[in-house]
Amino acid sequence: MAELKARVHSLESFGTVDGPGVRMVVFLQGCPMRCLYCHNPDTWEVNAGTEMTVDDILAQYDRNVSFYKRGGITVTGGEPLLQMDFIMALFKRAKQEGIHTCVDTSGITFRPDNPEVVARFDALCEVTDLFLLDIKHVDPEKHRELTGHSNENILAFAHYLAQKNQAIWVRHVVVPGITDSEQEWTALGRLMAELPNVKALEVLPYHTMGVVKYEKLGIPYPLKGVPAMDKKTAVHAREVIMAARDEALHH
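Given the structure is predicted, the values throughout are model-derived calculations rather than measurements. (Residues numbered from 1 in each chain as written. Predicted model: local features only at pLDDT ≥ 70, side-chain atom pairs only at ≥ 80, totals over all residues. Heavy atoms only, no water.)

**Observations concerning the pairing of strand β2 (residues 23-28)**
So the rule is basically this: Each residue's exposure class comes from its accessible area (1.4 Å probe, protein chains only) as a fraction of the maximum for that residue type: buried when under 20%, exposed when over 50%, partly exposed otherwise. Note on conventions: DSSP H or I runs of at least 4 residues are helices, E runs of at least 2 residues are strands, and numbering of each starts at the N terminus. For two strands to be treated as a pair, DSSP must find no fewer than two bridges joining them.
By the criterion of burial, β2 is predominantly enclosed, with 6 of the 6 residues buried. Because side chains alternate across β2, one face comprises the buried residues Arg23, Val25 and Phe27, and the other comprises Met24, Val26 and Leu28, equally buried. Here strand β1 (residues 5-15) pairs with β2 via 5 bridges, running antiparallel. In the sheet register, Val8 faces β2, and the bridge partner there is Leu28. The sheet contact formed by β2 and strand β4 (residues 72-76) spans 5 bridges and is parallel. Considered in β4, the bridge of Arg23 is made with Gly72.

What follows is the structure in structure tokens.
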């Protein structure tokens with residue numbers, strides 16, 4: 001049988017923003033979402049990237065293992081769960097070696113009504129220590145406008161992880177005119193109140209650093225003219241979200 005390979009966009013040896021500690025971050029190729037603020041359009045194409053095996057990635061990890069004492073491996077994308085079999089193979093080996101494992105995902109590939117898909121997610125949970133869950137927008141229609149997809153499966157995935165008691169960090173990007181309303185932040189806080197397994201909330205200000213990638217790829221930038229979000233607004237958004245969560249928990 002041919003050895004399982006992933007299509008890898010890139011590797012980051014010393015990641016400090018994708019899970020706890022210093023981590024090796026594996027960016028996998030391919031994504032079905034088309035988020036208006038995506039800053040990695042070069043990860044969309046499923047058949048691009050470099051083919052790598054589990055051994056290839058763990059060999060890279062071992063080169064810098066002394067830096068990862070309180071970290072581990074995070075797999076992100078693109079949408080990493082398009083290559084779920086590879087992630088499970090990688091994480092199974094990682095767990096055998098005592099390496100902390102983390103997936104950064106939108107949850108878009110989850111299918112709550114498909115027993116085979118749920119069984120595969122059950123298997124993934126067994127070898128995954130932490131999920132970074134990107135919640136783009138709580139409102140279904142606005143989520144579709146923002147990403148091209150419904151958030152139905154994503155919200156189902158969030159509740160699935162809660163039922164499994166899997167640790168998650170929620171990530172949310174604040175974009176001017178799209179996800180910058182108090183109403184939206186309050187809705188996210190109320191959703192988080194339904195998820196007792198949330199261990200952290202990261203509210204990230206929208207930035208324009210991806211514009212140059214669109215230019216290189218010859219793709220029109222969807223948010224042309226939208227300014228970067230100032231960090232103070234992101235801090236305020238986080239306060240509103242957490243206050244809404246606390247209020248929902250105590251009523």
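Read on, since the account is not over.
**Let's talk about helix α8 (residues 231-249)**
Applicable threshold: Here the expected span of a helix is defined as 1.5 Å times the quantity of residues minus one. As used here, the arc is the angular range of directions from the helix axis to the C-beta atoms. Contact between two residues is taken to exist if any of their heavy atoms lie within 4.5 Å; hydrogens are not considered.
Look at α8: 27 Å from first C-alpha to last across 19 residues, which is about the 27 Å you get at 1.5 Å a residue. Among all positions of α8, only Ala234, Ala237, Val240, Ile241, Ala244 and Arg245 are buried. Down the axis of α8, the sector holding all buried residues measures 135°, keeping them to one side. Of the residues in α8, the exposed ones pointing more than 90 degrees away from the buried face are Lys231, Lys232 and Glu239. Where α8 is buried, its residues meet β7 (168-174), α6 (182-193) and β8 (198-205).

**A few points about the packing of aromatic side chains**
Rules: Stacked, tilted and edge-to-face pairs are distinguished by plane angle, under 30 degrees for stacked and over 60 for edge-to-face with tilted covering the rest, among Phe, Tyr and Trp rings (Trp via its six-membered ring) whose centres lie within 6.5 Å.
On inspection of all chains with the given rule, the structure shows 12 aromatic pairs. On the basis of an interplanar angle of 45° and a centroid distance of 5.4 Å, the ring pair of Phe110 and Phe157 is categorised as tilted. Of this pair, Phe110 sits in the loop between β5 (100-105) and α3 (115-126) while Phe157 sits in helix α5 (residues 152-163); the two residues are 47 residues apart in sequence, bridging distant segments of the chain. Phe110 sits in the buried class, given a relative accessible area of 2%. Through successive ring pairs, a cluster of aromatic residues spans Phe110, Phe121, Phe131, Phe157 and Tyr160.

**A look at the confidence of the model for the chain**
Stated precisely, the cut-off is as follows: As a per-residue measure, pLDDT tells how confident the predictor is, with possible values from 0 to 100.
Taken over all residues, the pLDDT of the chain has a mean of 94, while the share at 70 or more is 99%. Mean pLDDT per element in the chain: helix α7 (residues 211-217) is the minimum at 89, and β5 is the maximum at 98.

**What about the pattern of salt bridges?**
Our working definition: The term salt bridge refers to a side-chain nitrogen of Lys or Arg lying within 4 Å of a carboxyl oxygen of Asp or Glu.
Under the defined criterion, the tally for this structure stands at 10 salt bridges. In this structure, Asp246 and Arg245 form a salt bridge, with 3.4 Å as the shortest nitrogen-oxygen distance. Connected through shared salt-bridge partners, Asp18, Asp104, Arg171 and Glu202 make up one network.

**Some points on the environment of Arg120**
Residue position: Arg120 is located in helix α3. Along the primary structure Arg120 and Asp85 are separated by 35 residues, whereas in three dimensions their C-alpha atoms are 8.6 Å apart. Once you skip the residues sitting within four places of it in the chain, Arg120 turns out to touch Met84, Asp85 and Met88.

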